[in-house]
Amino acid sequence: MHGRVFTSRRVIMGPLERDRDLLAFLEAVAVAHGVRTGAYSFFGAVRRARVAFFDQEARVYRSIVLDRPLEIAAGVGNVSLRDGRPFVHAHVVLSGPDGTALGGHLEPDTIIFAGEFTLWDLDGAPLERSPDPDTGLLRWPAR
Ligand code: ZN
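What you are looking at is a predicted structure, and each value in this text was computed from that prediction instead of being measured.

## Focus: the pattern of salt bridges
Here comes step 1: Inspection of the entire model under this criterion finds nine salt bridges.
Here comes step 2: Residue Asp121 pairs with Arg9 through a salt bridge whose shortest N-O separation is 3.5 Å. Taken together, the residues Asp121 in strand S7 (residues 111-123) and Arg9 in strand S1 (residues 7-15) connect sequence positions 112 residues apart.
Here comes step 3: One connected set of salt bridges, linked through shared partners, spans Arg9, Arg10, Asp121 and Asp123.

## Thoughts on the environment of Leu23
Here comes step 1: Here Leu23 shows up in helix H1 (residues 22-32).
Here comes step 2: Exposure remark for Leu23: the relative accessible area of 13% places this residue in the buried category.
Here comes step 3: Note: C-alpha distance between Leu23 and Val79 (56 residues apart in sequence) is 11 Å.

## Observations concerning unusual backbone geometry
Here comes step 1: Positive phi outside glycine occurs at Asp83, with the angle close to 55°.
Here comes step 2: Phi at Asp109 is positive, roughly 80°, even though this residue is not glycine.
Here comes step 3: As for its position among the elements, Asp109 is in the loop between strand S6 (101-106) and S7.
Here comes step 4: In this structure Asp109 comes out as partly exposed when scored by relative accessible area, which is 33%.

## Focus on a nonpolar patch on the surface
Here comes step 1: A cluster of nonpolar side chains, namely Val11, Met13 and Trp120, defines an oily patch on the protein surface of about 320 Å² accessible area.
Here comes step 2: Among the secondary structure elements, Trp120 is positioned in strand S7.
Here comes step 3: You can call Trp120 partly exposed: its relative accessible area is 33%.

## Quick notes on the coordination of the zinc ion
Here comes step 1: Of the protein atoms, only His89 (NE2), His91 (NE2) and His105 (ND1) coordinate the zinc ion, at distances of 2.0 to 2.1 Å.
Here comes step 2: Each donor residue of the zinc ion belongs to the same chain, and together they define the spacing H-x1-H-x13-H. Taken together, the residues His91 in strand S5 (residues 85-95) and His105 in strand S6 connect sequence positions 14 residues apart.
Here comes step 3: When its relative accessible area of 38% is taken as the criterion, His91 is described as partly exposed.

## Topic: the layout of surface pockets
Here comes step 1: Considering only enclosed or pocket space, the largest pocket measures out at about 490 Å³ in volume.
Here comes step 2: Taken together, 23 residues form the lining of the largest pocket, with Tyr61, Phe87, His89, His105 and Leu138 sitting closest to its centre.
Here comes step 3: Residue assignment for the lining of the largest pocket shows that the elements contributing at least two residues are H1, strand S2 (38-55), strand S4 (70-82), S5, S6 and strand S9 (137-139).
Here comes step 4: With five residues, the single largest contributor to the lining of the largest pocket is S5.

## Here we look at the side chain of Asp55
Here comes step 1: Its place among the elements puts Asp55 in strand S2.
Here comes step 2: The residues contacting Asp55, other than those within four sequence positions of it, are Val60 and Arg62.

## Re the pairing of S7
Here comes step 1: As defined by bridge partners, S1 adjoins S7 across eight bridges and the pair is classed as antiparallel. Each residue of the ladder has a partner; that of Val11, found in S7, is Trp120.
Here comes step 2: Pairing between S2 and S7: 10 bridges, direction antiparallel. Looking across to S7, one finds that Gly44 is bridged to Gly115.

The rules behind each value
- Residues numbered from 1 in each chain as written.
- Predicted model: local features only at pLDDT ≥ 70, side-chain atom pairs only at ≥ 80, totals over all residues.
- Heavy atoms only, no water.
- Salt bridge = Lys/Arg side-chain N within 4 Å of Asp/Glu carboxyl O.
- Helix = DSSP H or I, 4+ residues; strand = E, 2+ residues; numbered from the N terminus.
- Buried < 20%, exposed > 50% of the residue type's maximum accessible area, 1.4 Å probe, protein only.
- Patch = residues over 30% accessible without salt bridge, like charges linked within 9 Å, V, L, I, M, F, W, Y side chains within 5 Å.
- Areas by Shrake-Rupley, 256 points an atom, 1.4 Å probe, with all protein chains shown as cover.
- Donors = N, O, S within 2.8 Å, 3.2 Å for Na, K, Ca; no water.
- 1 Å grid on protein atoms, 1.4 Å probe; cavity = no way out; pocket = protein on both sides within 12 Å on 5 of 7 lines; lining within 4 Å.
- Points joined across faces, edges and corners; volume = space filled by probe spheres on them.
- Contact = heavy atoms within 4.5 Å.
- Pairing = 2+ DSSP bridges.

See the structure below:
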């Protein structure tokens, strides 16, 4: 059996707050509601963005700065623990005026214009991230 089973405790919905850093905002919402394990869905628009591509050979994130207004066509993420604190891992698909999309791993310095989020607070033994020597990433335990 793969994965851990959780039950949904409650669902929190709200607006993305204008001019806040998106990743820091998602983390602040999780902390404010005491969410230790959860799932995020969000969409809206940003004033500018920074996403990353993980270089699997070099094992480093390579940042992509998008210094222009973009739609968050889709945003997904989760909340788990890192060093005992709620930590958000999120990916976004961003689109421009012609509708073409690009995306990646959400990084700090992505600034909210407007939007909406849904956060599912999950009940169960919290997932905790730790460094994984096989990938160079912070990952959940296999079991
Ligand atoms: Zn990622």
